[in-house]
There are 2 protein chains.
Amino acid sequence: MKIVGVDFGGTTFTVGLVDVESGEILKEEQHETKAWEGFENITRRVAKVINSLKEDARAVGIGSPGSILNGVVKFSPNLPDWRDVPLADRIKDLTDLPTFVENDANAFVLGEKWFGAGKGYDHIVALTLGTGVGGGVITHGILLKGYLGIGAELGHVIVEPNGPKCGCGNYGCLEAIASATAIVRMAKEMRDDFPNSEIFKSDKISAKTIMDAARNGDKLGIIIRDKMVDALGRAIAGFAHIFNPQIVIIGGGVSKAGDVILKPLRKKVEGYLMPSFVGTFEVVISPLLDKAGVLGAASVALENIRR
Amino acid sequence: MKIVGVDFGGTTFTVGLVDVESGEILKEEQHETKAWEGFENITRRVAKVINSLKEDARAVGIGSPGSILNGVVKFSPNLPDWRDVPLADRIKDLTDLPTFVENDANAFVLGEKWFGAGKGYDHIVALTLGTGVGGGVITHGILLKGYLGIGAELGHVIVEPNGPKCGCGNYGCLEAIASATAIVRMAKEMRDDFPNSEIFKSDKISAKTIMDAARNGDKLGIIIRDKMVDALGRAIAGFAHIFNPQIVIIGGGVSKAGDVILKPLRKKVEGYLMPSFVGTFEVVISPLLDKAGVLGAASVALENIRR
């Protein structure tokens, strides 16, 4: 069976034709979103790409940023005019394929369940560490959305009272310490104290340059990595106490740093767990890498047509 | 329909005959548990009381402390020899009634769903503030237990990094700040700084004397209340971001303090919420009061025979 997955974002969108049995992406195209063009024009272009790739696909799945309920995007931070827009219906009309839409973090955890590290599991906690920190949870086999479909906001659990200010207005959210944005901010704030850090030798400070520095033993790199891993470890232990999961999966750009995060993180998580939870789940980095977006999007459709 | 509810504890157990339609407890008996007597003897006494009260009851529900899976008590902190004991099967054999067992905090949230503030809701977060802090969650209509049945440990989410030591071995758990045990400990620790506090005028320092003091404007009482409410508010906001519930219900001995906790708590929760969650749920104190134990226990059976 084939499914079209659309990894939709404020800057670009990627459309892929997914072979469900093999988990392979048979064809893929990436285009600019051009957010300023508005809902009608953007969706027309997205549908055009879907139609050009779809072959005999059975359905379309879309992962999109924002708050999404029953195929309607209630709002999306990077797409200012998208307010209560019927994204699923619109794409269905333009492609003649059943279309299903989920928040991108929910799509991520579904992708892990269908194609990644969560295969065969009914209890999965997933975190995406990128510009923000997204959360996706499958508990007792069900995608956790909550009453209004706005739940699983794992990035906005407070892990440090009176900590750094978060984009949401609160202080000390996980997102304000463990996102790419947060660690870059930390590096800039500490620049005066560590002027010779290798972080500042590259043109642009990014999560990658910071984690590379940590891997090389750079003092500031390690300080930032440790702060991030400590907050993340505390949060993950809390999610484990809440959900008693089989696996916790980390994805998003920051997770590409690999062992420089994962090894100390596993130790921290264990240190913050109640004894009865130690050894009951694994913490892993998503194996789907750059395929996570399209496979996650395709899984949104799969989850709906296969259940 | 009638159901027998058994609110089982390390010190006492209460057996009640519940009329499901009216939510009334028709008959009730409380006895000492005598934990030292061991599983066989205790359960024989419990069954005897059930048999004397049961009339034409359809089933038995039991709420018990400890870690419980499929009717088996894996372990229970106050019943040292209860390790992997088949409580449900044993009571079923001795009473000839279908018997269902859950952790007491899970029983509490089920009681709220069937008889209390959670009636008609599919998304409920419940906290019991007593000797410890227990958690019970219903999400998408399902009681959250997790992979091994040990989830919903909401009391062991860390709300204050490097905070007070918790019984579980960690530091800064919600239980270490918002349980009766924790607030009594705080009062004792601060006695030297507030020797004239009204808290120390009674023979025995308890959660009640502390909350009474706060209500009377006593400075130490207010400090402790504020510390507890702040931690609880942060935790509840986090649970709301995770579960997007319709209601958050507070029970347990400490909740009897009523408005002196509830009013500042609602304010705190709102302050810690992301804007999109403000106004999406209520925070209430359990209306079941002293009936919560038996009605919760009866609900464990109801949940199983009515689903």
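Rules behind the numbers
- Residues numbered from 1 in each chain as written.
- Chains lettered and ligands numbered in written order.
- Predicted model: local features only at pLDDT ≥ 70, side-chain atom pairs only at ≥ 80, totals over all residues.
- Helix = DSSP H or I, 4+ residues; strand = E, 2+ residues; numbered from the N terminus.
- Rg over C-alpha atoms; globule rule 2.2 N^0.38 Å.
- Buried ≥ 20, exposed ≤ 12 C-beta atoms within 10 Å, placed from the backbone.
- Contact = placed C-beta atoms within 7 Å.
- Expected span 1.5 Å × (residues − 1).
- Pairing = 2+ DSSP bridges.
- pLDDT = per-residue confidence, 0-100.
- Least-squares fit on C-alpha atoms with pLDDT ≥ 70 in both.
- Axes fitted to C-alpha atoms, helices over the stretch in contact; angles between N-to-C directions.
- Nonpolar A, V, L, I, M, F, W, Y, C, P; charged D, E, K, R; others polar.
- Parallel < 35°, antiparallel > 145°, perpendicular 65-115°, else oblique.
- Left-handed = near helix turned anticlockwise from the far one by under 90°.
- Domains from an automatic or database assignment.
- Core = buried A, V, L, I, M, F, W, Y, C linked by C-beta atoms within 7 Å.

Caption draft 1: Seen up close, the overall build of chain A. The helix and strand inventory of chain A stands at nine helices and 13 strands. What you see for chain A is a C-alpha radius of gyration of 19 Å, in line with the 19 Å of a compact globule of 307 residues. Along the longest, intermediate and shortest principal axes, the C-alpha atoms of chain A span 55 × 45 × 35 Å. When burial is assessed residue by residue, chain A has 54% of its 307 residues classed as buried. Within chain A, residue pairs in contact and separated by at least 24 positions form 61% of the contacts whose partners lie at least 6 positions apart.

Caption draft 2: Inspection of helix α8 (residues 259-272) of chain B at higher detail. Residue and element names in this part refer to chain B. Look at α8: 19 Å from first C-alpha to last across 14 residues, which is about the 20 Å you get at 1.5 Å a residue. Burial in α8 covers these residues: I261, L265, K268, V269 and Y272. Considering only its buried residues, α8 is in contact with α6 (207-215), α7 (219-243) and β13 (282-285).

Caption draft 3: The arrangement of unusual backbone geometry in detail. Residues and elements named next belong to chain B. Not every positive phi belongs to a glycine, and E55 is a case in point at roughly 45°. In this structure, E55 sits in the loop between α1 (38-53) and β4 (60-64). The class for E55 is exposed, based on 10 C-beta atoms found within 10 Å.

Caption draft 4: Broad picture of the pairing of strand β9 (residues 124-129) of chain A. Residues and elements named next belong to chain A. Burial within β9 is extensive, with six of its six residues counted as buried. Taking every second residue as pointing to the same face, both faces of β9 are buried, with I124, A126 and T128 on one and V125, L127 and L129 on the other. Linkage of β9 to strand β10 (residues 133-139), two consecutive antiparallel strands, is achieved through a turn of three residues. Relative to strand β12 (residues 247-251), β9 is paired through five bridges, and the arrangement is parallel. If you follow I124 over to β12, its bridge partner there is I247.

Caption draft 5: Just the sheet that holds strand β10 (residues 133-139) of chain B, in detail. Residues and elements named next belong to chain B. As summarised here, the arrangement of the five strands in space is β11-β10-β9-β12-β13, forming an open sheet in which the pairing is mixed. Each edge of the open sheet carries a strand with a single partner, namely β11 (142-143) and β13. The pairing of β10 with β11 spans two bridges and is classified as antiparallel. Its bridge partner lying in β11, I138 is registered against L143.

Caption draft 6: Region of the structure containing the confidence of the model for chain A. When pLDDT is averaged along chain A, the result is 96; 100% of the residues meet or exceed 70. Confidence metrics for the complex model read pTM 0.95 and ipTM 0.95.

Caption draft 7: Representation of the relation of the copies chain A and chain B in the model. For the pair chain A and chain B, the superposition axis carries a translation of 0.0 Å, the fit reaches an RMSD of 0.0 Å, and the rotation angle comes to 180°. Taken together, the rotation and translation describe the operation of a two-fold axis.

Caption draft 8: Expanded view of the sheet that holds strand β5 (residues 67-69) of chain B. Residue and element names in this part refer to chain B. Taken together, three strands build an open sheet; the order of strands is β5-β6-β7 and the sheet is antiparallel. The sheet terminates laterally at β5 and β7 (83-85), the two strands that pair on one side only. When strand polarity is set aside, the average angle formed by the axes of neighbouring strands in this sheet is 20°.

Caption draft 9: A look at the interface of chain A and chain B. Between chain A and chain B, the contact holds 36 residues from the first and 36 residues from the second. Looking at which element gives the most residues to the side of chain A that touches chain B, the answer is helix α7 (residues 219-243) of chain A, with five residues. Its residues assigned to classes, the side of chain A that touches chain B shows 18 nonpolar, 15 polar and three charged.

Caption draft 10: Molecular detail of the packing of helix α5 (residues 180-189) of chain A against α7 of chain A. Residues and elements named next belong to chain A. Orientation of α5 relative to α7, taken along the N-to-C sense of each, is 140°, at an axis distance of 10 Å. Viewed along their axes, α5 and α7 adopt a mutual orientation that is oblique. Handedness of the α5/α7 crossing: right-handed. Listed contacts from α7 to I183, M186 and A187 of α5 are L220, I224, K227 and M228. Looking at the contact of α5 with α7 residue by residue, the classes come out as six nonpolar, no polar and one charged.

Caption draft 11: Representation of the domain arrangement of chain A within the structure. All names here are of chain A. Parsing chain A into structural domains produces domain 1 (2-111 + 291-306) and domain 2 (119-286). Taken together, the eleven residues of domain 1 in the interface contact 15 residues of domain 2. Here the element with the most residues in the side of domain 1 that touches domain 2 is helix α3 (residues 104-115); it accounts for six residues. Residues belonging to the side of domain 1 that touches domain 2 are distributed by class as follows: seven nonpolar, two polar and two charged.

Caption draft 12: Spotlight on the nonpolar core. Core analysis: the biggest nonpolar cluster contains 208 residues, and V6 and L174 of chain A together with V6 and L174 of chain B have the highest contact counts within it. Look past the residues within four positions of V6 of chain A in its chain and what remains in contact with it is F13, V15, V46, I50, V60, I62 and A297 of chain A.

Caption draft 13: Inspection of the pairing of β10 of chain B at higher detail. Residues and elements named next belong to chain B. The buried count for β10 comes to seven of seven residues, which makes it a mostly enclosed element. Here β10 shows no split at all, with V133, G135, V137 and T139 on one side and G134, G136 and I138 on the other all buried. As paired elements, strand β9 (residues 124-129) and β10 share six bridges and run antiparallel to each other. Bridging from a neighbouring strand, A126 pairs with G136 of β10. Counted along the chain from β10 to the antiparallel partner β11, the turn is two residues long, and its residue H140 has a positive phi close to 55°.

Caption draft 14: Summary view of the environment of G167 of chain A. All names here are of chain A. Mapped onto the elements, G167 comes out in the loop between β11 (142-143) and α4 (175-178). For G167, a count of 17 C-beta atoms within 10 Å gives the class partly exposed. When the C-alpha positions of G167 and A213 are compared, they lie 26 Å apart, and in sequence the two are 46 residues distant.

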